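Each chain is listed here by its residues.
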Amino acid sequence: MKDRTVQAACRLVMEPIFEADFLDCSYGFRPKRSGQQAHAVIKKTINAGHHWVVDGDIEKYFDSISHEKLMKLVELRISDRRILRLVRGWLKAGVWKDGRVTETQLGTPQGGVISPLLSNIYLHYFDRLWHKHYAKLGKLVRYADDFVVLCRGEKEADRCLAALGNLLQRFDLKLHPLKTRKVDMSQGKEGFDFLGFHFHRAPSFRNPAKRFCLSWPSKAAMKKVSANITAQTSCLYLRSLDEVAESLNRIIRGWTNYFRVGNSNRKFYILDQHVRRRLHRFCCRKFQLVTWAKTALKIERMNVLLAATVTPSWRNSHATGL
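Residues numbered from 1 in each chain as written. Predicted model: local features only at pLDDT ≥ 70, side-chain atom pairs only at ≥ 80, totals over all residues. Heavy atoms only, no water.

**Some remarks on the packing of aromatic side chains**
Here comes step 1: The final tally for this structure, using the stated rule, is 13 aromatic pairs.
Here comes step 2: Taking the centre distance of 4.7 Å and the plane angle of 45° together, the rings of Trp 255 and Phe 259 count as tilted. On the criterion of helical spacing, the pair formed by Trp 255 and Phe 259 is a turn pair, its members being four residues apart in helix 8 (residues 241–259).
Here comes step 3: Ring plane angle 85° and centroid distance 4.9 Å describe the contact between Tyr 258 and Phe 259, whose orientation is recorded as edge-to-face.
Here comes step 4: The class for Phe 259 is buried, based on a relative accessible area of 4%.
Here comes step 5: An aromatic cluster of three or more residues is present, and its members are Phe 192, Phe 197, Phe 199, Trp 255, Tyr 258, Phe 259 and Phe 268. (Phe/Tyr/Trp six-rings, centres within 6.5 Å; stacked < 30°, edge-to-face > 60°. Helix = DSSP H or I, 4+ residues; strand = E, 2+ residues; numbered from the N terminus. Buried < 20%, exposed > 50% of the residue type's maximum accessible area, 1.4 Å probe, protein only.)

**Topic: the packing of helix 3 (residues 67–75) against helix 5 (residues 115–133)**
Here comes step 1: Running from N to C, helix 3 and helix 5 point in directions that differ by 85°, and their axes come no closer than 10 Å. With respect to their mutual orientation, helix 3 and helix 5 come out roughly perpendicular. Note on element contacts: helix 5 touches helix 3 through Leu 118, Ile 121, Tyr 122 and Tyr 125, opposite Lys 69, Leu 70, Leu 73 and Val 74.
Here comes step 2: For the contact of helix 3 with helix 5, a count of residues per class yields seven nonpolar, no polar and one charged. (Axes fitted to C-alpha atoms, helices over the stretch in contact; angles between N-to-C directions. Parallel < 35°, antiparallel > 145°, perpendicular 65-115°, else oblique. Contact = heavy atoms within 4.5 Å. Nonpolar A, V, L, I, M, F, W, Y, C, P; charged D, E, K, R; others polar.)

**Structural notes on the nonpolar core**
Here comes step 1: Counting residues in each nonpolar core, the largest one holds 44 residues, and the members touching the most others are Met 14, Val 74, Ile 121, Trp 130, Val 149 and Leu 164.
Here comes step 2: At the level of secondary structure, the elements contributing two or more residues to this core comprise helix 1 (2–19), strand 1 (52–57), helix 3, helix 4 (81–91), helix 5, strand 5 (146–151) and helix 6 (154–169).
Here comes step 3: For this core, the element with the highest residue contribution is helix 5, accounting for nine residues.
Here comes step 4: Setting aside chain neighbours within four positions, we find Val 74 in contact with Met 14, Phe 18, Leu 84, Leu 118 and Ile 121.
Here comes step 5: Core analysis: the next-biggest nonpolar cluster, separate from the first, contains 33 residues, Tyr 27, Ile 46, Cys 213 and Cys 283 among them. (Core = buried A, V, L, I, M, F, W, Y, C linked by side-chain atoms within 4.5 Å.)

**Topic: the pairing of strand 7 (residues 191–194)**
Here comes step 1: Taken together, the four bridges between strand 7 and strand 8 (residues 197–203) define a ladder with antiparallel strand orientation. Residue pairing for strand 8: Phe 192 is matched across the bridge by Phe 199. (Pairing = 2+ DSSP bridges.)

**Some thoughts on the pattern of salt bridges**
Opposite charge on two side chains permits them to pair, given that their charged atoms come into close proximity.
Here comes step 1: Counted under the stated rule, the structure contains 13 salt bridges.
Here comes step 2: For Lys 72, the salt bridge is made with Glu 68, and the minimal N-O distance between the two is 3.6 Å. Taken together, the residues span about one helical turn, with Lys 72 and Glu 68 both in helix 3 at a distance of four residues. Each of the two residues, Lys 72 as well as Glu 68, counts as exposed.
Here comes step 3: Arg 276 serves as the salt-bridge partner of Asp 272, at 3.6 Å between the closest nitrogen and oxygen. With Asp 272 and Arg 276 both in helix 9 (residues 265–286), this residue pair falls four residues apart, about one helical turn.
Here comes step 4: Take Asp 272: its relative accessible area is 3%, and that puts it in the buried class.
Here comes step 5: Each of Glu 154, Asp 158 and Lys 182 takes part in a single network of salt bridges with overlapping partners. (Salt bridge = Lys/Arg side-chain N within 4 Å of Asp/Glu carboxyl O.)

**Focus on the packing of helix 8 against helix 9**
What describes two packed helices is the angle between their axes and the distance between those same axes.
Here comes step 1: It is the contact of helix 8 with helix 9, at a shortest axis distance of 12 Å, that shows an interaxial angle of 170°. Judged by the inter-axis angle, helix 8 sits roughly antiparallel to helix 9. Here Leu 241, Val 244, Leu 248, Ile 252, Trp 255, Thr 256 and Phe 259 of helix 8 come into contact with helix 9, specifically with Phe 268, Leu 271, Val 275, Leu 279, Phe 282 and Cys 283.
Here comes step 2: In the contact of helix 8 with helix 9, the residues fall into twelve nonpolar, one polar and no charged.

Read these as layout, nothing more, since geometry by itself doesn't imply function.
Encoded structure:
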């Protein structure tokens with residue numbers, strides 16, 4: 001606890017100094033910046049004609065950061081020896097595994113409060129080099145170690161892939177061979193996942209000849225929230241119905257408030273139906289009820305409103321939960 005408290009204090013001192021230098025293309029783990037802002041920039045750029053996307057991911061990024069290079073980058077803006085000694089100590093602290101402390105030669109502290117800031121400092125100079133030498137190839141949007149480059153043509157996308165590989169080698173990093181790919185969105189046949197959203201170009205309802213970039217929760221995001229809801233409604237004897245409803249409210253509100261910026265009505269409806277099915281199953285098993293009518297009556301008596309999390313006509317209203 002003492003170590004995490006000191007890390008938080010150190011981050012409060014260092015963060016404003018580096019925030020003055022960080023570029024607008026970075027959205028991860030920064031104050032007043034979020035994945036929703038990156039989502040808006042991506043949709044706007046694709047609709048502006050950047051239909052070729054390089055979806056990139058850095059392989060084992062947080063475990064591959066060079067301590068020596070990171071400290072040199074920190075020393076460019078921080079001269080206080082006490083702060084530098086603390087940062088160097090956190091990097092060399094090691095990892096507790098199987099009852100032993102393993103020395104760390106690479107990477108940032110796992111779960112450390114200051115780790116996101118250090119990772120942004122390391123990739124900030126990657127952002128600078130990209131904008132200095134390769135900005136003409138495409139627009140870079142980065143969230144921590146995940147990023148996309150939005151290009152206008154296939155040639156630019158091919159050159160972008162080669163440039164990214166060469167640029168990351170200077171930081172002792174490399175692209176993930178399976179998660180990095182080139183996506184053609186010009187015909188609307190392909191899409192890509194980023195920050196939990198799936199981006200896809202679809203025809204306009206009024207003019208099918210025109211296509212616009214739409215976004216909705218990805219399959220992985222749907223699977224994760226569905227599994228979370230299932231887990232919350234699986235504890236029959238340890239939790240009351242009120243407690244289950246309260247926990248589901250937190251999950252549903254947080255999830256829908258994040259994905260509300262996309263075209264997510266159908267996914268919200270699917271989530272709504274899943275919640276209803278799980279509550280029906282929960283009540284039938286816990287209260288030994290058979291029919292849905294008796295289940296709904298039991299819920300009403302317990303002052304828990306069984307309603308849609310969001311409706312198919314949901315647009316700009318806040319998520320209502322249960």
